[in-house]
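Next come the chains, spelled out residue by residue.
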Amino acid sequence: MKVKQRAGGAGILLLIPAAALLASGCASAPESSAAGQGEGRRPIAVATTPAEVRTDVEPLKRHFPQLGELSATKWVGRVLTKNSVPEVPGPTDVSLDGVAKLDPATLTAITGSGTWREGGIGCGVPQEIAAEVGDTMAWLHSEAFDKSVTRTQYTGSFYFDRQTNRVYFCTVNPKDRTS
């Protein structure tokens, strides 16, 4: 295709606004991983307002029956977005992060077998529940246990604190296991 150039450089003037748009950073979004494309990948969550801290255990029981009876729970759920805008059309990714107290016998049964390592919580703790979680460095984690709960159908990690009989969970798109 042959382009005619007008006298006076009008073609160059049309390029200036486009160059300014590119320079402003509007042309590209930050990279993020899509949920469900491998374990341990979480979309970038942009929280424009604080999430509601919930204390009900029924939704957690439906998603994580392997954890047994839960109490003293604090958790948040939020829609994950990229650049403050949910991706439309298509499914919406949701994170579910929280902490709950476990029955001591259940905690012993869970952490008594398999390969566990002690370390820090490997996913970000939402600001709304950070005070409740406290120290994030002395928790037990097992990738095998994560897979037994998620069945590789969603992304999730579970961390256990034997001192306080608590579990910390961070998940994206957890499945309801009651059906």
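Just so you know, these numbers come straight off a predicted model, no measurement behind them.

## With respect to the overall build of the protein chain
In terms of helices and strands, the protein chain carries five helices and six strands. Counting every position in the protein chain, which comprises 179 residues, the buried fraction comes to 34%. If you take every contact in the protein chain between residues at least 6 apart in sequence, the share linking residues at least 24 apart comes to 63%. Accessible surface, the protein chain: about 10900 Å² in total, of which carbon and sulfur atoms supply 54%.

## Points about the nonpolar core
Formed by 20 residues in total, the largest nonpolar core has its most connected members in Phe64, Leu67, Phe145, Phe158 and Phe160. Of all the secondary-structure elements, those providing two or more residues to this core are β1 (70–79), β2 (94–102), α3 (104–111), α5 (143–150), β5 (155–161) and β6 (166–172). Ignoring sequence-local partners within four residues, the contact set of phenylalanine 145 consists of Gln66, Leu67, Ile110, Trp116, Phe158 and Phe160. Listed in part, the eleven residues of the second largest apolar core include Val76, Ile121, Ile129 and Trp139.

## Some thoughts on the pattern of salt bridges
Applying the stated criterion across every chain, the model contains five salt bridges. Glutamate 58 is the salt-bridge partner of lysine 61, the closest N and O atoms lying 3.5 Å from each other. Of this pair, lysine 61 and glutamate 58 both sit in helix α2 (residues 58–63), three residues apart, which is roughly one turn of the helix. In this structure lysine 61 comes out as partly exposed when scored by relative accessible area, which is 25%. Taking the shortest distance from any N to any O, the salt bridge between glutamate 69 and lysine 61 comes out at 3.4 Å. Since its relative accessible area comes to 54%, glutamate 69 is described here as exposed. Salt bridges linked by common partners bring Glu58, Lys61 and Glu69 together as one network.

Procedures and definitions
Residues numbered from 1 in each chain as written. Predicted model: local features only at pLDDT ≥ 70, side-chain atom pairs only at ≥ 80, totals over all residues. Heavy atoms only, no water. Helix = DSSP H or I, 4+ residues; strand = E, 2+ residues; numbered from the N terminus. Buried < 20%, exposed > 50% of the residue type's maximum accessible area, 1.4 Å probe, protein only. Contact = heavy atoms within 4.5 Å. Areas by Shrake-Rupley, 256 points an atom, 1.4 Å probe, with all protein chains shown as cover. Core = buried A, V, L, I, M, F, W, Y, C linked by side-chain atoms within 4.5 Å. Salt bridge = Lys/Arg side-chain N within 4 Å of Asp/Glu carboxyl O.

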